[in-house]
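In case you want the letters, here they are:
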Number of protein chains: 2
Amino acid sequence: MTKIDYRKILEDIKPTESEKKKVKALSDYLINFINKKAGDEEIYAEAVLVGSVAKETWLSRGPGSDTADVDIFIKFPLNTPLDYLKKNGIYLGQECIRNMEGRHEFRYASHPYITGIINGYEIDFVPCYDIEKSKQLKSAVDRTIPHTIYVQDNLKKEQIDEVILLKGFMESVGTYGSEFKVGGFAGYLCELLILHYGTFQEVLEAASEEWKPGYMIDLRKYGTASNFDEPLVVVDPVDPKRNVAAALSLQKMSEFMVASRNFLQEQSSTYFYPREIPADLKTIKEELEKRGTKTLILSFKTPDIPADALYPQIKKTEKSMMHLAEREGFKTQGSDSWTDEKEKVLILLEFDVWMLPKIMKHYGPPVWSHTHQQKFLDKYKNKTWVHGDKWVAEVGRDFTDVQLLLEAALSENKIGLLKFGKHIKKEILEEHQLIDLMEFLESETTQKDVLEFLYKYLHKNWSLWRT
Amino acid sequence: MTKIDYRKILEDIKPTESEKKKVKALSDYLINFINKKAGDEEIYAEAVLVGSVAKETWLSRGPGSDTADVDIFIKFPLNTPLDYLKKNGIYLGQECIRNMEGRHEFRYASHPYITGIINGYEIDFVPCYDIEKSKQLKSAVDRTIPHTIYVQDNLKKEQIDEVILLKGFMESVGTYGSEFKVGGFAGYLCELLILHYGTFQEVLEAASEEWKPGYMIDLRKYGTASNFDEPLVVVDPVDPKRNVAAALSLQKMSEFMVASRNFLQEQSSTYFYPREIPADLKTIKEELEKRGTKTLILSFKTPDIPADALYPQIKKTEKSMMHLAEREGFKTQGSDSWTDEKEKVLILLEFDVWMLPKIMKHYGPPVWSHTHQQKFLDKYKNKTWVHGDKWVAEVGRDFTDVQLLLEAALSENKIGLLKFGKHIKKEILEEHQLIDLMEFLESETTQKDVLEFLYKYLHKNWSLWRT
């Protein structure tokens, strides 16, 4: 039925035998080092390999791109005090990275862990509890070992290829990854979908034909699916109280459904590869001009917080600015945001209506409401009249230009008008720039990634089609 | 309690004894003429004096202003065929006017009647059935005779002054008259309010203290008030199935409540006299300029139809134009309309937002709706993307300027976009002008009444206050 040569694609995106050997050899060495160290120092802990490397389901973009993320979990007995676990878990990871002369970085999920760059691989060392049942769960990371075991026990050898095809497709159409930046499908979720439907092709067929918001998958028939209200529900086979698709947004679920349908129609192998975004300054400027809208761009320095904290804070700021503008009577066309996660955050706000008259109607209490109307009349005096049975007052608009409104709201003075995380607030108050996007494009030698961000804003369907 | 010298006001607005005598003499003469004529020609009909002249409750604005409207009803027995009644009723009125060498004009209420200008008075000759009970009612005008009798039988002599004060007040604050132009209080309704509350002062106290939408008055305790859903319900003492306040709009009811409260506080006799509207071209232009809105004015020739048909048609057109603009994404600030009832109709439309970008988002079916989405995708092709679980298409806006939109909708071509009565439609298609109000004010030597209309639009509370 399909015209796609999946074998050919797998040659490009599946780790080769030598690549697997190399990664396995490295992770075995690291695990042995940690376990020996733990024994030597009488730390009650044991390192194990988990995640996509353990399951052999990772996506590899060919020689030279060692994209395997190695996850080594250091498990402690259930009765270990949390402080002991954190301190010794981090210590063992740190010692291991030091031994390999790698760079290290502290990170934070449900509790702190340590990441090392060793021989070009990014390796996470995560302390956790050694649980047998989901009831024993002490923190979210404790599920990772049971997840790995479940997939290893249930995924057939030939289904590994199906998982890799699904991940490759997801990545290319922009729906792969459960981190806040994407809000898409986690690797474990991809594996469960293959376990449930059998093959890559069957997952796509189901997504394009059957799925809609509220769709439920319950592999082990726990019967708990209806307890969740996220758009897609996939009950965790190792924990009936968890929806594996909890982080999947309605947006990304829908995009996957649409991309699936398009792929099944178009049958193009380009759906498995990264695409060059044809972002060109001149074209973007012309397209913006033609829209006839006004687009502002707010830029400020990226606060030094983890990506999974950063993206929700940026989104919150973006939404809050849009709401403020709408509340004051302006009309928005759309918005988006972008960050390189290191230096710069950009928030784009596009307006259909950005100028308003000086006057504004303000509706008050009914003319028969004796207690309320006196206050209204005292306040607005002879600027009041009657409409239907309500008082109306003509009031002056504080801001007739949306740019001035937002600029005011971004200053110390009026910052209460907006809602954002404290790290972003601090950066914005310290320094920011709010200007017309056209002006921004004139003044900056715009980076390629910024142009790509703008291109994707103007072409929202770009990643979902190939023809 | 009150500081107002009502006696002094009544001197100005109550008909004098000589005025009463003059009107009565004339109407007696006319009635005798008709009754004799009917006898001579064997027409089974009898003329009677009804309305405010019969009840002596008419408002007189002093010498030289003979404002009495004389209503002569020509009643026929209940078993008279309608054709016979119409033909002979009109005939008798016509003969009477001819005899007095007056001008005549045909008019139309529930059926045709004839109006004559005789000795400077406007006199209506209305054929009707001679009913005894409301059940016998054949047409709305048949109630007029029972109304007159009810007021004559129940209104105490000293209450006539109270009625005249109430009518004078209503007229000055702009709430008098049940015709469509005003949508206010009928003369009969004013009389019933005095019958119910006793005095002018008590009516105003009740309106300002007790009234709210849904307020009910049922003088003869029929118990039918809750059958009506108009803002004010006053059950007709001669017909339990009729709400005398049916034509009163919520707007005029509210304005009367507010004006009552203001008068009771301010105690100024100016509330009983016409006010000069300080409409001045230069000031109006300055005020318009300051608002920062855009105001368009549509003008066309008045169609030759009765005022009570004309005003609803104009309002319908005004509302329809506003709705069209809003539907297309523009934002309105307000609207109003005016006519001299003879030559010119003006519709004023004020906009907060009158220009919009070329692009527009159009939301489509959900991505999981298989039947609907294909149509949407076929139609909008690569101009579509996904938002949440919905399809969205970027479509070009047909009209980015509200003036061009409305101009198009007023042409033969697109006239279906608007709703208006056929008489107005004909006039507009024949000739109209839609221009910016500022331009209109430049090009025309604007009449005083047009300036007054604009002044009242800009000062909606003008008639409700005096200080």
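Let me sum up the structure you'll find in this document. In this text the structure is predicted, and so the values were computed from the model without any measurement. (Residues numbered from 1 in each chain as written. Chains lettered and ligands numbered in written order. Predicted model: local features only at pLDDT ≥ 70, side-chain atom pairs only at ≥ 80, totals over all residues. Heavy atoms only, no water.)

**Focus on the sheet that holds strand 3 (residues 103–108) of chain B**
For sheets, the rule is that strands pair by backbone hydrogen bonds, running either parallel or antiparallel.
All names here are of chain B.
Then, in step 1: Pairing is mixed across the open sheet formed by 5 strands, whose spatial order is 1-2-5-4-3. Of all strands in the sheet, those with a lone pairing partner are strand 1 (46–50) and strand 3, marking the two edges. Pairwise comparison of adjacent strand axes, ignoring direction, gives a mean angle of 25° for this sheet.
Then, in step 2: Both strand 3 and strand 4 (residues 112–118) contribute to a ladder of 6 bridges, which runs antiparallel. (Pairing = 2+ DSSP bridges. Helix = DSSP H or I, 4+ residues; strand = E, 2+ residues; numbered from the N terminus. Axes fitted to C-alpha atoms, helices over the stretch in contact; angles between N-to-C directions.)

**Observations concerning the environment of L10 of chain A**
All names here are of chain A.
Then, in step 1: In this fold, L10 is placed in helix 1 (residues 6–13).
Then, in step 2: Using a relative accessible area of 11% as the deciding quantity, one classes L10 as buried.
Then, in step 3: On a C-alpha basis, the gap between L10 and R261 in space is 21 Å, while along the polypeptide they are 251 residues apart.
Then, in step 4: Among residues more than four places away in sequence, those in contact with L10 are D161, I164 and L165. (Buried < 20%, exposed > 50% of the residue type's maximum accessible area, 1.4 Å probe, protein only. Contact = heavy atoms within 4.5 Å.)

**Comments concerning the pattern of salt bridges**
Residues and elements named next belong to chain A.
Then, in step 1: For the structure shown, the criterion picks out 55 salt bridges over all chains.
Then, in step 2: For K8, the salt bridge identified is with D12, shortest N-O distance 3.9 Å. With K8 and D12 both in helix 1 and 4 residues apart, this pair spans about one turn of that helix.
Then, in step 3: Accessibility expressed as a relative area gives 47% for K8, which makes it partly exposed.
Then, in step 4: It is possible to trace a salt-bridge network through shared partners that takes in E17, K20, K24 and E56. (Salt bridge = Lys/Arg side-chain N within 4 Å of Asp/Glu carboxyl O.)

**Brief notes about the pairing of strand 8 (residues 239–243) of chain B**
Residues and elements named next belong to chain B.
Then, in step 1: Taken together, the 2 bridges between strand 7 (residues 232–236) and strand 8 define a ladder with antiparallel strand orientation. Counted as the bridge partner of D236 is D239 from strand 8.
Then, in step 2: Counted along the chain from strand 7 to the antiparallel partner strand 8, the turn is 2 residues long.

**Examining the relation of the copies chain B and chain A**
Two copies of the chain are present, and they differ by a rotation about an axis and a shift along that axis.
Then, in step 1: For the pair chain B and chain A, the best superposition has an RMSD of 0.1 Å and corresponds to a rotation of 180° with a translation of 0.0 Å parallel to the axis. In short, the pair behaves as if placed about a two-fold rotation axis. The rotation axis passes nearest to the C-alpha of V353 of chain B in chain B, at a distance of 3.7 Å.
Then, in step 2: In this assembly, 100% of the residues forming the interface of chain B have copies in chain A that are likewise at the interface, indicating an isologous arrangement. (Least-squares fit on C-alpha atoms with pLDDT ≥ 70 in both.)

**Digging into the interface of chain B and chain A**
Then, in step 1: The interface of chain B with chain A comprises 43 residues on the first partner and 43 residues on the second.
Then, in step 2: Summing both sides of the interface, chain B and chain A together bury roughly 3,600 Å²; the carbon and sulfur share of this comes to 59%.
Then, in step 3: At the surface where chain B touches chain A, the tally comes to 2 salt bridges.
Then, in step 4: A salt bridge links E394 of chain B to R291 of chain A; the nearest nitrogen and oxygen atoms lie 3.4 Å apart.
Then, in step 5: For the pair chain B and chain A, the interface holds 24 residue pairs in polar contact (both at pLDDT 80 or more).
Then, in step 6: At 6 residues, the largest contribution of residues to the side of chain B that touches chain A is made by helix 9 (residues 250–266) of chain B.
Then, in step 7: In terms of residue class, the side of chain B that touches chain A is built from 16 nonpolar, 14 polar and 13 charged. (Buried area = accessible area lost by both parts, 1.4 Å probe. Polar contact = N/O pair within 3.5 Å; in protein donor to acceptor, adjacent residues only side chain to side chain. Nonpolar A, V, L, I, M, F, W, Y, C, P; charged D, E, K, R; others polar.)

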